[in-house]
Amino acid sequence: MSSSGTEPSAEHEGAMPLVAPHLRALRRRAALTLEAAARSAGLSPAHLSRLETGQRQPSLPMLLALARIYGTTVSELLGETVADRDAVVRAADMEPTAAGGWTYWQAGAPGRGMQALRVHVPYGSQGDIVRVHPGEEWLYVLKGRLRLRLGDTMHRLAPGDSAHFDSLTPHRIAAQDEGGVELLFVHTLLQSPTATLCLGPTPGETP
């Protein structure tokens, strides 16, 4: 049976009202007016006001933009409270994980607005997978040479080179040499499995 329309649904009560107060509080903590914050995020003041009062649900790109503007994380915007984590990750605690032919090591605590990885990309692995998703990516070449295609442009990166780009730009990562390439890799994306974001789809999924 459909709802009468006079009462908010349980889903509405459990989602948007929890987000809205944090959006407003963090904007004020950043000492930004509604107009200034909206302009920086590419929104109208009326739209941002509706987000802050719970009348509209923010999209992931909006959350990412507001988090950058307010100098915080998407998790804090959503009001998530996370147990204290160690700020330092020791090399001995970095367990390698293999997925899609790549090997990666978590170089930061899970569940934050940014995820940091050390990645080994073998030659010929996933070079034909094109990725497009919300967020930002930053990578730094540690060893070997990398072929990075951003849109229609191919870039060749050597050790010490880095790239920082919007993940909505179609991108493709591949090792240029038979010895593979090692990277430091940082990405931002809300609640997305690392393997799906960084390493491409698992077998049986459509890239």
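Everything below is about the structure shown above.
Just so you know, these numbers come straight off a predicted model, no measurement behind them.

Visitor: Explain the packing of aromatic side chains to me, and be specific about the residues and the numbers.
Guide: Within this structure, the stated rule accounts for 1 aromatic pair. Ring centres 6.2 Å apart and planes at 20° place the aromatic pair W138 and Y140 in the stacked group. Assessed through its relative accessible area of 30%, W138 is described here as partly exposed. Its end group placed over the ring of W105, R118 keeps NZ or CZ at 4.0 Å from the ring centre.

Visitor: Describe the sheet that holds strand 8 (residues 171-175), with residues and values.
Guide: Across the sheet, which stays open at both edges, the 3 strands sit in the order 6-5-8 with antiparallel pairing between neighbours. In this open sheet, the two edge strands, each paired with only one partner strand, are strand 6 (153-157) and strand 8. Sheet twist, expressed as the mean angle between neighbouring strand axes with direction ignored, is 20°. Strand direction decides the pairing type here: strand 5 (residues 146-150) and strand 6, joined by 5 bridges, are antiparallel. Bridging from a neighbouring strand, L146 pairs with L157 of strand 6.

Visitor: Give me the lowdown on the environment of S162, citing residues and values where you can.
Guide: In this structure, S162 sits in strand 7 (residues 162-166). Residue S162 is classed as partly exposed on the basis of its relative accessible area of 44%. The spacing of S162 and L139 is 23 residues in sequence and 5.5 Å in space, taken between C-alpha atoms.

Visitor: Let's hear about the sheet that holds strand 4 (residues 136-143): which residues, and what values?
Guide: Strand order in this open sheet of 6 strands is 1-2-3-9-4-7, and the pairing throughout is antiparallel. The strands lining the two open edges of the sheet, one partner per strand, are strand 1 (97-99) and strand 7. Across the sheet, the axes of successive neighbouring strands diverge by a mean angle of 25°, strand direction being ignored. As judged from the 6 bridges shared by strand 4 and strand 9 (residues 181-187), these two strands associate in the antiparallel manner.

Visitor: Help me get a handle on helix 3 (residues 45-52), residues and values and all.
Guide: For helix 3, the complete set of buried residues consists of H47, L48, L51 and E52. In an axial view of helix 3, the angular spread of the buried residues amounts to 140°, which keeps them on one side of the axis. Of the residues trailing helix 3, G54 is marked for its positive phi of about 80°.

Cut-offs and rules
- Residues numbered from 1 in each chain as written.
- Predicted model: local features only at pLDDT ≥ 70, side-chain atom pairs only at ≥ 80, totals over all residues.
- Heavy atoms only, no water.
- Phe/Tyr/Trp six-rings, centres within 6.5 Å; stacked < 30°, edge-to-face > 60°.
- Buried < 20%, exposed > 50% of the residue type's maximum accessible area, 1.4 Å probe, protein only.
- Lys NZ or Arg CZ within 6 Å of the ring centre and 35° of its normal.
- Pairing = 2+ DSSP bridges.
- Helix = DSSP H or I, 4+ residues; strand = E, 2+ residues; numbered from the N terminus.
- Axes fitted to C-alpha atoms, helices over the stretch in contact; angles between N-to-C directions.
- Arc of directions from axis to C-beta.

Geometric values such as these leave the question of function open.
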